[in-house]
Amino acid sequence: MKRLLTGGLALAGFCLAATSPPLVAAPALSPAAPASDAQIAELDNAIKQSISTAHTAQEHERAIGALARDVADAEQGLADKQRALDEARVRAAAVLAALERFVHTPRTAALLAPQSPIDRLRGGMLMAAAVPALSTAAHQLVADIHRLSDLRTQAIAKQDSLARDRQGLAKNRERIQQLATKREELRRLLLREAADSDPRAVKQGTVAADLPDLITRSEAEADIRDREARARASKAKTAPAPDPTRPKTLRGFDGHAMVIPVAGPVRQRYGQTNELGAPSQGLTLASIASAEVVAPFDGRIDYVGPFRGYGLILIISHGGGYHSMLAGLGRVDVKIGEWVVAGEPIAMLPAPAKADESVTLYFELRRDGHPVDPQPSLADRGGSAADHRVNE
């Protein structure tokens, strides 16, 4: 398993916009070791495979979450039905016994019984009235038993489906990790970079006063890396080469829909009161343990690391003043400075200490440092621009 990567690569500045000039180039490669077209194509193919595999994994995760809830509901329903049948067992036995005695009682014995004609007539009338009720109760009991059997059959089928989805998810996760390792190796080869990262970027999380300050500091750190790269190229008297790891299909943020970063329902929406009694500045998404987290949109990783009460977080710069912040992560599989595209797997949620504990991802979208509601962009699959409202 890849260890948490929290440093920075010396990569390009990030100025995305749909009609803006090309993005700032990344640090120059050594002229003696130009980027291999085959390696670039291999990296592009690995990214595409990662996106496809992550999409399939999230489909399994979504199905597992729904099936797990269905199985829990089915098991609760079975328990309630079984308890009701157990409580009615004595009454049911008495009803069936009474019906059986009445059916098997000879008519002559009833006629010769030491009773007055009025008593026999009254008893016959009572029994005649009771027989339909006894029959109804018996039929109801049989129907309840059949329904209980059907519920058990359905619960078993859902458990089987749940097991199959979990097996498929395990294979997807293994493949995602293989592709993540391959992407990292190819990026290092193309950039001629060491595996270790710049500790300066990690330090920003310890000195930043709040999230807007962290975003500002991370952007400033990215600018410093860009200037250092240009200075090295100038000193070597070479023109800065384009970053070979930068996806050719990288898009500007405005006018495009975002990908929901984790498979699962929205537990808390933007603007709703959170556990601290304040309006939420993002979305809280529920999912299963160790769920895959994908990039919500194209961009560059600006920060990876712990930050105050957010836990382990990841910040992606999308250009045009937009940033995504993902918090509550268990593991991150990208480094500061790496380019990512929408849907690319970049992290995983943690596994809770208890099986019944919930796992959530907190997702913020910010424009010029101010939180905006990300849901219009997530819901807008048609690609039109969303009107984000700034929460001052």
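Rules and cut-offs
Residues numbered from 1 in each chain as written. Predicted model: local features only at pLDDT ≥ 70, side-chain atom pairs only at ≥ 80, totals over all residues. Heavy atoms only, no water. Helix = DSSP H or I, 4+ residues; strand = E, 2+ residues; numbered from the N terminus. Buried < 20%, exposed > 50% of the residue type's maximum accessible area, 1.4 Å probe, protein only. Contact = heavy atoms within 4.5 Å. Areas by Shrake-Rupley, 256 points an atom, 1.4 Å probe, with all protein chains shown as cover. Core = buried A, V, L, I, M, F, W, Y, C linked by side-chain atoms within 4.5 Å. Salt bridge = Lys/Arg side-chain N within 4 Å of Asp/Glu carboxyl O. Pairing = 2+ DSSP bridges. Phe/Tyr/Trp six-rings, centres within 6.5 Å; stacked < 30°, edge-to-face > 60°. pLDDT = per-residue confidence, 0-100.

**Quick look at the overall build of the chain**
The secondary structure content of the chain amounts to 7 helices and 11 strands. Out of the 392 residues in the chain, the part that is buried amounts to 41%. Restricting to contacts in the chain with at least 6 residues of sequence separation, those with at least 24 account for 74%. Within the structure as shown, the chain displays about 20,400 Å² of accessible surface, and the carbon and sulfur contribution to it stands at 57%.

**Some thoughts on the environment of V341**
Topologically, V341 is positioned in the loop between β8 (339-340) and β9 (345-348). Its relative accessible area of 8% is what places V341 among the buried residues. Between the alpha carbons of V341 and V294 there is a distance of 9.0 Å; along the sequence they are 47 residues apart. Once you skip the residues sitting within four places of it in the chain, V341 turns out to touch I47, I51, P247, L250, A295, F297 and D298.

**Concerning the nonpolar core**
In this structure, L314, L329, V332, I346, L349 and L361 are the most contacted members of the largest nonpolar core, which totals 41 residues. The leading source of residues in this core is helix α1 (residues 37-87), at 5 residues. Beyond its immediate chain neighbours, meaning those up to four positions away, L329 contacts V293, L312, I313, L314, A347, M348, L349, P350 and L361. Grouped together as the second largest cluster of nonpolar side chains are 11 residues, A208, L211, I215 and M325 included.

**Describing the pattern of salt bridges**
Two side chains of opposite charge can pair, provided their charged atoms sit close to one another. Counted according to the given criterion, the structure contains 13 salt bridges. Across the pair R173 and E61 runs a salt bridge, and its minimum N-O distance is 3.4 Å. In this pair, R173 is assigned in helix α4 (residues 117-191) and E61 in helix α1, connecting sequence segments 112 residues apart. A salt bridge links E344 to R187; the nearest nitrogen and oxygen atoms lie 3.2 Å apart. Here E344, found in the loop between β8 and β9, pairs with R187, found in helix α4; they are 157 residues apart in sequence, far enough to count as distant. By relative accessible area, E344 is classed as buried at 0%.

**Describing the environment of G337**
Position of G337 relative to the elements: it lies in the loop between β7 (331-332) and β8. As for G337 and I316, which are separated by 21 residues in sequence, their C-alpha atoms are 9.4 Å apart.

**Points about the pairing of strand β4 (residues 299-306)**
Consecutive side chains along a regular strand alternate between the two faces of the sheet. In terms of burial, β4 is largely enclosed, as 7 of its 8 residues are buried. As judged from the 2 bridges shared by β4 and β8, these two strands associate in the antiparallel manner. Residue pairing for β8: G299 is matched across the bridge by V340.

**Side note on the pairing of β9**
Bridge count for strand β3 (residues 292-294) against β9 is 3 bridges, and the pairing is antiparallel. Bridged to V294 within β9 is P345. Pairing of β7 with β9 involves 2 bridges; the strand directions are antiparallel. Note that in β9 the partner of V332 across the bridge is A347.

**Some points on the packing of aromatic side chains**
Scanning all chains against the criterion turns up 4 aromatic pairs. Pairing F253 with F297 gives two aromatic rings, centres 5.2 Å apart and planes at 75°, and the pair type is edge-to-face. Linking F253 in the loop between α6 (211-235) and β1 (266-268) with F297 in the loop between β3 and β4, this pair joins segments that are 44 residues apart in sequence. By relative accessible area, F253 is classed as buried at 3%. Where F307 meets Y310, the ring centres are 6.1 Å apart and the plane angle is 15°; that geometry is what we call stacked.

**Remarks on the sheet that holds β9**
Across the sheet, which stays open at both edges, the 3 strands sit in the order β3-β9-β7 with antiparallel pairing between neighbours. Unpaired on one side and paired on the other, β3 and β7 mark the two borders of the sheet.

**Observations regarding unusual backbone geometry**
Despite not being glycine, S290 shows a phi value in the positive range, around 60°. Looking at where S290 falls in the secondary structure, it is placed in the loop between β2 (283-287) and β3. Given the relative accessible area of 18%, S290 is considered buried. Of note, D368 is a non-glycine position whose phi angle comes to about 55°, a positive value. Looking at D368, the relative accessible area reads 57%, which means it is exposed.

**Side note on the confidence of the model for the chain**
On average, the chain scores 76 in pLDDT, and the residues at 70 or more come to 68%. Per-element confidence in the chain is highest for β3, whose mean pLDDT is 97, and lowest for helix α3 (residues 107-111), whose mean pLDDT is 51. Low pLDDT (under 50) marks residues 1-33, which in the prediction has 110 contacts with non-local residues, meaning those over four places away or in another chain. When the criterion is pLDDT under 50, residues 380-392 qualifies, and its contacts beyond four places in sequence or with other chains add up to 30 contacts.

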